[in-house]
Amino acid sequence: MDTNSKTMRLIIFITGLLISTVSYGQTSLKEIGLKAEKHKVGFKHYTISDSTRTYRIHNEFNNQLIKRPIPISIWYPAKIENSNSEQLTVLDYVEIFKEEEEWKDLPDYFLMDWFQHLPNTPENEAHLSEKVNAFRNPTFLDGKFPVIVYASSYQASSIENFALFEYLASNGFVVISSPSRGTKTRWLEGATTKDMETQSRDVEFLLKEIHSYENINSEKVALMGFSFGGLSNAITVMKNKNINAIVSLDGAERYNYPVLEKSPYFNLDKFSIPYIHFAQKEIPKEVLTTDKIPEELNYKFQLYDSLKYSNIHRYRFHDLTHSYFSSFGVLFANRDKRQDKSDEKIMASYNLLCQHTLQFLNATLKNEEEAIYFIENKPIANGFPDSLISKQTKNAIKKDFTYKDFNDLAYKQDYKDLIPLYKSTIAEYPNLELQEGMLNIFGLRLSFNPEKREQGYNVLLLALHLYPKSANLYDSLAEAYFYNKDYSNAILNYKKSLELNPKNQNAIDRLKQLKE
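Summary of the structure given here. Here the residue numbers are simple positions, counted from 1 along each chain's written sequence. For this predicted model, a pLDDT threshold of at least 70 governs which residues receive local features, and a threshold of 80 or more governs which side-chain atom pairs are given and counted, while totals over whole chains, interfaces and linings are taken from all residues. Where side-chain values are given, they derive from all heavy atoms of the structure, hydrogens and water being excluded.

1. Structural notes on the overall build of the protein chain
Part 1 of the argument: On a plain count of helices and strands, the protein chain comes out with 21 helices and twelve strands.
Part 2 of the argument: Principal axes of the C-alpha set define a box for the protein chain whose edges measure 95 × 45 × 45 Å.
Part 3 of the argument: Expressed as a percentage of its 516 residues, the buried residues of the protein chain come to 54%.
Part 4 of the argument: Restricting to contacts in the protein chain with at least 6 residues of sequence separation, those with at least 24 account for 75%.
Part 5 of the argument: Accessible surface, the protein chain as shown: approximately 24,200 Å² in total, 49% of it carbon and sulfur. Secondary structure is summarised from DSSP: a helix means a run of H or I of at least four residues, a strand means a run of E of at least two, and numbering begins at the N terminus for each. Here's how the labels work: a residue is buried when its accessible area is under 20% of the maximum for its type, exposed when over 50%, partly exposed in between, all with a 1.4 Å probe on protein chains only. Every residue pair with non-hydrogen atoms within 4.5 Å of one another is taken to be in contact. Each accessible area is a Shrake-Rupley estimate made with a 1.4 Å probe; only the visible protein chains count as cover when residues are assessed.

What follows is the structure in structure tokens.
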């Protein structure tokens, strides 16, 4: 069996132990107990196209190419302005699942027989009529909210974790999600690096889409993914700096590290944000042997071991197997008696998973002290025994702070108050070096842009704070003022340059020109 076949087989096992099932789950949203908390929850679903990529509808059995469709589901804090607002049911979400599986017109009475993720049982049939916490298309609540961009598991729907998404939205977050699809059709190729890169591009499409919402704070962004989505998010973090945190729900970056390493974007040094990984319980020896699963799956986590610049919290939920890190899994997946806990324990642990996810996001995106304390604590200090949840923590090594990092800070404050910024930064990073030549070139570049001249002056003034004896810097600042027709300040700085370098011919010539 080649490597790709082994990888595909492993992912199929990880993404749902549905084949080796011997009992039916008996769960409900009510018993899971994730109630809407601070806010009402809005939901909308729509599809837009990525015109840079082509796609083929597999079920149409032709060679026709279209722009890549990106189905988008979004949950958000909402205003429910009248009693006529439509509260959704599980069936409404399943209709979206049906659409994303490219069976939009499939009659509902086929649902429970058509898709393997929806086993036809009386218990599963009963779920369809359950009310959820979301309402269809209400108005966004006033304000700007942090956003979580979600990557679905292997070939899964955008709504697979709807109960978690609703819970987060009710606590002041926006969640945006799209399905996991292959490069050219609905189908992935077997959890390959190409598959991962495709999903990563879809996530990046969502990162762009969030800017179309005025109620989303695009400076407070976390990625979250389940299973294969966790793998795709890991590479996305390495490609994008504007991400503040990452949540992995038993992500496949733990199981399929070689797929990550093969990406041309793989760079561990660029993974430097807070990272939380929630792992499934240990797989019993009977299952490992029978299903021919490598024993190292229980303990090996090469990404965790390899990262240096990220603060990492690594949890293990001892009552959850892989499938139950999603709402769909808890509700619809059949149970594997060889390893699954009782339905009561599964639902309770899924609830705790959602609580821990919320606390991490409150800590990293909202900087809430209570949440920071919760995440820094050991589970037992938060009231959870080691037999239920265990945890490891790995603190980041302080990364060298370069002029590029300083420039990022300066950019965020529009290049204002640069001298105080430098003083506070150098106190924390004493090895920081801002070279005279770099500041000189950058300051002039900004100054010659009429819309950024003030920023340019500020950069050159910082440079003079650091290099007060530089005739060249005074000459550059004078040139900046001269270009922008601030002649009095130009004359002042040309004269200062000449005091330090009486042979500065440019200053001599400019002063003569300004006297005429």
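2. Examining the nonpolar core
Part 1 of the argument: Here, nonpolar core means buried Ala, Val, Leu, Ile, Met, Phe, Trp, Tyr and Cys residues that are tied together by side-chain atoms lying within 4.5 Å of each other. In this structure, Trp 75, Phe 162 and Leu 249 are the most contacted members of the largest nonpolar core, which totals 65 residues.
Part 2 of the argument: If sequence neighbours within four positions are ignored, Phe 162 has contacts with Leu 29, Trp 75, Val 90, Tyr 93, Val 132, Ser 327, Phe 328 and Leu 331.
Part 3 of the argument: Among the nonpolar cores identified, the runner-up in size contains 51 residues, and Ala 151, Leu 206, Phe 301 and Tyr 304 belong to it.

3. Some points on the packing of helix H17 (residues 436-447) against helix H18 (residues 453-466)
Part 1 of the argument: The axes are straight lines fitted to the C-alpha atoms, using for helices just the contacting stretch, and the angles between their N-to-C directions are given from 0 to 180°. H18 packs onto H17 with a crossing angle of 160 degrees between their chain directions and a minimal axis gap of 7 Å. It follows from the interaxial angle that H17 and H18 lie roughly antiparallel. H17 and H18 meet at a crossing whose hand is left-handed. Contacts between H17 and H18 involve Leu 439, Asn 440, Phe 442, Gly 443, Leu 444, Leu 446 and Ser 447 from the former and Arg 453, Gln 455, Gly 456, Tyr 457, Val 459, Leu 460, Ala 463 and Leu 466 from the latter.
Part 2 of the argument: In terms of residue class, the contact of H17 with H18 is made up of nine nonpolar, five polar and one charged. Every angle not falling under 35 degrees, over 145, or within 65 to 115 is termed oblique; those three ranges are roughly parallel, roughly antiparallel and roughly perpendicular. The handedness criterion is simple: a crossing whose near helix is rotated anticlockwise from the far helix by less than a right angle is left-handed, and one whose near helix is rotated clockwise is right-handed. In this classification, Asp, Glu, Lys and Arg are treated as charged, Ala, Val, Leu, Ile, Met, Phe, Trp, Tyr, Cys and Pro as nonpolar, and every other residue, Gly included, as polar.

4. Quick notes on the side chain of Asp 475
Part 1 of the argument: Along the polypeptide, Asp 475 turns up in helix H19 (residues 471-483).
Part 2 of the argument: Arg 510 provides the closest opposite charge to the buried, salt-bridge-free Asp 475, at an N-O distance of 7.2 Å.
Part 3 of the argument: Other than its neighbours up to four places away in sequence, Asp 475 contacts Tyr 494, Ser 497, Asn 504, Asn 506 and Ala 507. Positive charges come from Lys and Arg alone, negative charges from Asp and Glu alone, with His and the N- and C-terminal ends not counted. Salt bridge criterion: a side-chain nitrogen from Lys or Arg within 4 Å of a carboxyl oxygen from Asp or Glu.

5. Remarks on unusual backbone geometry
Part 1 of the argument: With phi around 55 degrees, Ser 227 is a residue other than glycine that occupies positive phi space.
Part 2 of the argument: With respect to the helices, strands and loops of the structure, Ser 227 is situated in the loop between strand S8 (216-226) and helix H8 (228-239).
Part 3 of the argument: Taking relative accessible area as the criterion, Ser 227 reaches 0% and is therefore assigned buried.

6. Some remarks on the packing of aromatic side chains
Here a ring pair, both rings aromatic, is described through the centre-centre distance and the interplanar angle of the planes.
Part 1 of the argument: Classification of ring pairs rests on two measures: the distance between centres of Phe, Tyr or Trp rings, Trp counted by its six-membered ring, which must be within 6.5 Å, and the angle between planes, read as stacked under 30 degrees, edge-to-face over 60 and tilted in between. In this structure the tally under the stated criterion is 28 aromatic pairs.
Part 2 of the argument: Taking 5.3 Å as the distance between ring centres and 85 degrees as the angle between the ring planes, the aromatic pair formed by Phe 43 and Tyr 93 counts as edge-to-face. Note that Phe 43 is positioned in strand S1 (residues 40-55) and Tyr 93 in helix H3 (residues 90-100), a separation of 50 residues in sequence. Assigned by exposure class, Phe 43 and Tyr 93 land together as buried.
Part 3 of the argument: Relative to Phe 110, the ring of Tyr 109 has its centre 5.0 Å away and its plane inclined at 50 degrees; by these criteria the two rings are tilted.
Part 4 of the argument: Feature note: the residues Phe 43, Trp 75, Tyr 93, Phe 97, Phe 115, Tyr 150, Phe 162, Phe 165, Phe 328 and Phe 332 constitute an aromatic cluster, connected by ring pairs.
Part 5 of the argument: Counted as over-ring charges are cases with an Arg CZ or a Lys NZ within 6 Å of the ring centre that also lie within 35 degrees of the ring normal. The side chain of Lys 239 reaches across the aromatic face of Tyr 265, ending 4.8 Å from its centre.
Part 6 of the argument: When the ring centre of Phe 482 is taken as reference, the NZ or CZ atom of Arg 510 above it lies at 4.1 Å.

7. So, the pattern of salt bridges
Part 1 of the argument: Summed over the entire model, instances satisfying the criterion amount to 19 salt bridges.
Part 2 of the argument: A salt bridge links Lys 98 to Glu 95; its shortest N-O distance comes to 2.9 Å. Within this pair, Lys 98 and its partner Glu 95 are both found in helix H3, separated by three residues, close to a single helical turn.
Part 3 of the argument: Looking at Lys 98, the relative accessible area reads 3%, which means it is buried.
Part 4 of the argument: Taking relative accessible area as the criterion, Glu 95 reaches 26% and is therefore assigned partly exposed.
Part 5 of the argument: Among the ionic pairs, Asp 250 bridges to Arg 254, the shortest N-O distance being 4.0 Å.
Part 6 of the argument: Residue class for Asp 250 comes out buried when judged on its relative accessible area of 0%.

8. Here's the deal with H8
Part 1 of the argument: The end-to-end C-alpha distance of H8 is 17 Å, a good match for the 16 Å that twelve residues give at a rise of 1.5 Å each.
Part 2 of the argument: Taken together, the buried positions of H8 are Phe 228, Gly 229, Gly 230, Leu 231, Ser 232, Asn 233, Ala 234, Ile 235, Thr 236, Val 237 and Met 238. Take the number of residues in a helix, subtract one, and multiply by 1.5 Å to get its expected span.

9. Section: a nonpolar patch on the surface
Part 1 of the argument: Distance thresholds for patches are 9 Å for like charges and 5 Å for nonpolar side chains (Val, Leu, Ile, Met, Phe, Trp, Tyr), applied to residues having over 30% relative accessible area and no salt bridge. Residues Trp 103, Tyr 109, Phe 110 and Trp 114 make up a contiguous nonpolar surface patch of about 460 Å² in total accessible area.
Part 2 of the argument: On the secondary structure map, Phe 110 appears in the loop between H3 and helix H4 (111-114).

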